[in-house]
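Examining the three-dimensional arrangement
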Amino acid sequence: MIKYSKEVAKAIAEKKPIVALESTIISHGLPRPRNLTVAQEVEAIVRETGATPATIAILDGVIHVGLEEDQLDRIANEDGVVKASTRDLAILAATKKSAATTVAATAHIAAMARISVFATGGLGGVHRGDGFDESADLRGLSITPVVIVCAGVKSILNVEATLERLETLAVPVLGYKTNKFPGFYLTESGFDIEHRVDSATDIAAIWNQRKNVNTSESAVIVTNPVKVELDRALHDKLLTNGLAEADAHHITGKAVTPFLLEYFHRVSDGKSLDVNVEIIKSNSRLAAEIAIAL
Ligand code: PSU
Ligand code: MN
């Protein structure tokens, strides 16, 4: 069911470290034309660090693990590319449509391909507000064995409720060189993390112990705080106004996250975009180091 890129097929054959990368961030998280450049830069960072990048997406109903140049271009620029979660995979395969994969779907496919390390920007989680909206990323990570590197959960979410859900779902959360849960655009979200790790080897040691204690079925979340955060006053203003705007436009379901990210990037005149790009780059570098340590 999986089509591998030439580079990823070679890395598998040679048992080299591989890092899975998601594609919704490219198609629905970053604006054109910068989305394609960033996707290429992130792959380059993984290579420079000594691992092989495997950007995951669905093209014409086929699961791709690793994209050739023209395929990455399709994900970045084709209008018909939808945002797909795990539940959509069979539908896409049957209808031969193309889609970018969310954290949940990418982790699912990475596990299918026996890739254990995955880098993204910010996880999905429990949304703010009265309407019940919880990202499929949470349930997905509770049943999918991957190390996922992120900058926490997106700050547009209810971070406290998301942390509680991760506890309920028995998904371990580690702070990379920090005891504070990162806040995506912000270095700290205001919540603590119990478990700090200081190196890729620390993370590999935890990963390797899981089979001994029979907890190998879930993901391990590694949170990597962004070094230079978005101005806090600007962040809070964007958040309040962005949530009101989403409400006024009756944005619901899977459109909520792309809408809010686009709002942040547009209204901050690209300031939030620069931070988002830094997040993805830094997470990809750390993910490559972890893949090598594993
Ligand atoms: N991280 C980013 N930008 C993104 C995402 C993550 O920096 O666009 C995507 C991921 O694909 C994640 C999705 O799975 O947002 C969450 O969407 P939702 O809240 O609808 O589950
Ligand atoms: Mn949702």
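Refer to the structure above for everything that follows.
Residues numbered from 1 in each chain as written. Chains lettered and ligands numbered in written order. Predicted model: local features only at pLDDT ≥ 70, side-chain atom pairs only at ≥ 80, totals over all residues. Heavy atoms only, no water.

Further remarks concern the site of ligand 1. Around ligand 1, a shell composed of 18 residues is seen, among which Glu22, Lys83, Ser135, Asp137 and Thr257 lie nearest. A distance of 2.8 Å separates an oxygen atom of ligand 1 from a polar atom in the side chain of Glu22. For ligand 1, the accessible surface in isolation is 480 Å², of which the surrounding protein chains cover 95%. A molecule is said to occupy a pocket when more than half its atoms come within 2 Å of that pocket's grid points, and by this definition ligand 1 occupies the largest pocket. Elements with a contribution of two residues or more to the shell around ligand 1: helix 2 (24-29) and helix 11 (256-267). The biggest single contributor to the shell around ligand 1 is helix 2, with three residues. Here the residues of the shell around ligand 1 sort into four nonpolar, 10 polar and four charged. (Near = heavy atom within 4 Å. Polar contact = N/O pair within 3.5 Å; in protein donor to acceptor, adjacent residues only side chain to side chain. Areas by Shrake-Rupley, 256 points an atom, 1.4 Å probe, with all protein chains shown as cover. 1 Å grid on protein atoms, 1.4 Å probe; cavity = no way out; pocket = protein on both sides within 12 Å on 5 of 7 lines; lining within 4 Å. Sits in = over half its atoms within 2 Å of the grid points. Helix = DSSP H or I, 4+ residues; strand = E, 2+ residues; numbered from the N terminus. Nonpolar A, V, L, I, M, F, W, Y, C, P; charged D, E, K, R; others polar.)

Let us now look at the packing of helix 3 (residues 34-49) against helix 12 (residues 271-293). Where helix 3 contacts helix 12, the two axes come as close as 8 Å, and the packing angle between them is 25°. By the angle between their directions, the pair helix 3 and helix 12 is classed as roughly parallel. Here helix 3 runs over helix 12; the crossing is right-handed. Residues Arg34, Val38, Glu41, Val42, Ile45, Val46 and Thr49 of helix 3 lie in contact with helix 12, whose contacting residues are Leu273, Asp274, Val277, Ile280, Lys281, Ser284, Arg285, Ala288, Glu289 and Ile292. Each residue belonging to the contact of helix 3 with helix 12 can be placed in one class, and the counts come to nine nonpolar, two polar and six charged. (Axes fitted to C-alpha atoms, helices over the stretch in contact; angles between N-to-C directions. Parallel < 35°, antiparallel > 145°, perpendicular 65-115°, else oblique. Left-handed = near helix turned anticlockwise from the far one by under 90°. Contact = heavy atoms within 4.5 Å.)

What follows concerns the nonpolar core. Counting 57 residues, the largest nonpolar core has Val65, Ile115, Leu123, Leu141, Ile148 and Ile221 as the members making the most contacts within it. Per element, the largest residue contribution to this core is six residues, and it comes from helix 11. Ignoring sequence-local partners within four residues, the contact set of Ile115 consists of Ile18, Val19, Ala20, Ala54, Val65, Ala110 and Val146. Membership of the second largest hydrophobic core comes to 39 residues, among which are Val19, Val46, Val81 and Val277. (Core = buried A, V, L, I, M, F, W, Y, C linked by side-chain atoms within 4.5 Å. Buried < 20%, exposed > 50% of the residue type's maximum accessible area, 1.4 Å probe, protein only.)

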